[in-house]
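Descriptive structure summary
Take a look at the letters that make up each chain.
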Amino acid sequence: MSNGGGGACEVQWAGERLLLLPERAISWPAAGVLFVADLHLGKAATFRALGQPVPGGTTAQNLARLDALLAAHAVRHLVVLGDFLHAAQARTPALLAALEDWRERHAGLACTLVRGNHDSRAGDPPPGLRIDIVTEPWLVGPFACCHHPQQHPTHFVLAGHLHPVCGLHGSGRDSMRLPCFVQERAQAVLPAFGEFTGGWYVERAEGRRFYPIGDDAVWTLP
């Protein structure tokens, strides 16, 4: 593995060259595929509907980051590893209009959503967005695209769901937590792409590798 340029970390999984991106996504250059997980679009709106005064604007930020990635990596196929929308309350007119505008900007892009637990509650994206909805595991090349982490008998699993973060420790009580990619055996879990998602701390374990994200770079944790 090596630094893939622009802060990315290059890895070889399932015999394929992948780039772990600091924008919390994976690029598969040979296939023109971008993998992201756990956008949770409309989560802030869902909380506001429950009376929580959380800030707005996260959907626009998420889509702008996605725009930049699609352009930078010549993406032909976007694969979302679950939890595209957060909840039924997320389907506001403003959010749906923003998604329609985004899709028009990327009319030639193939999009696949591997349905996650939040997608089941929020409902599938509107048909006008032209997103293919599939169930896990969905196979593409040597990869099994899933939402929930799991093992597959023949394919390397790419999954989401956990929103993983890992810990860095300095001298004394100095420590911090960062979003990360986690790889263990023939499986890797992506960090949440969404801006307003939180994270789950993953403990170190034998054979478990961490790729933390910080300062616009991804690296391998010793």
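Before reading on, note that the structure itself is shown above.
Computed from a predicted structure; not experimentally measured.

1. Considering the overall build of the protein chain
- Scanning the protein chain for helices and strands turns up 4 helices and 17 strands.
- When each of the 222 residues of the protein chain is scored for burial, the buried share is 50%.
- In the form shown here, the protein chain has an accessible surface area of approximately 10000 Å², with 53% of it arising from carbon and sulfur atoms.

2. Focus: the nonpolar core
- Residues Leu34, Val36, Leu66, Leu78 and Phe84 are the most contacted members of the largest nonpolar core, which totals 26 residues.
- The element contributing the most residues to this core is helix H2 (residues 58-72), with 4 residues.
- Not counting residues within four places of it along the chain, the set of residues in contact with phenylalanine 84 comprises Leu39, His40, Leu41, Leu99, Leu113, Asp119, Pro125 and Ile131.

3. Some remarks on the side chain of histidine 77
- Within the secondary structure, histidine 77 is located in strand S6 (residues 77-80).
- Here histidine 77 falls in the buried class, since its relative accessible area comes to 17%.
- A polar atom in the side chain of histidine 77 sits 2.8 Å from the side chain of threonine 112.
- Setting aside its immediate chain neighbours within four residues, histidine 77 contacts Gly32, Val33, Leu34, Leu109, Ala110, Cys111, Thr112 and Trp138.

Here is what the cut-offs are and how they apply
- Residues numbered from 1 in each chain as written.
- Predicted model: local features only at pLDDT ≥ 70, side-chain atom pairs only at ≥ 80, totals over all residues.
- Heavy atoms only, no water.
- Helix = DSSP H or I, 4+ residues; strand = E, 2+ residues; numbered from the N terminus.
- Buried < 20%, exposed > 50% of the residue type's maximum accessible area, 1.4 Å probe, protein only.
- Areas by Shrake-Rupley, 256 points an atom, 1.4 Å probe, with all protein chains shown as cover.
- Core = buried A, V, L, I, M, F, W, Y, C linked by side-chain atoms within 4.5 Å.
- Contact = heavy atoms within 4.5 Å.
- Polar contact = N/O pair within 3.5 Å; in protein donor to acceptor, adjacent residues only side chain to side chain.

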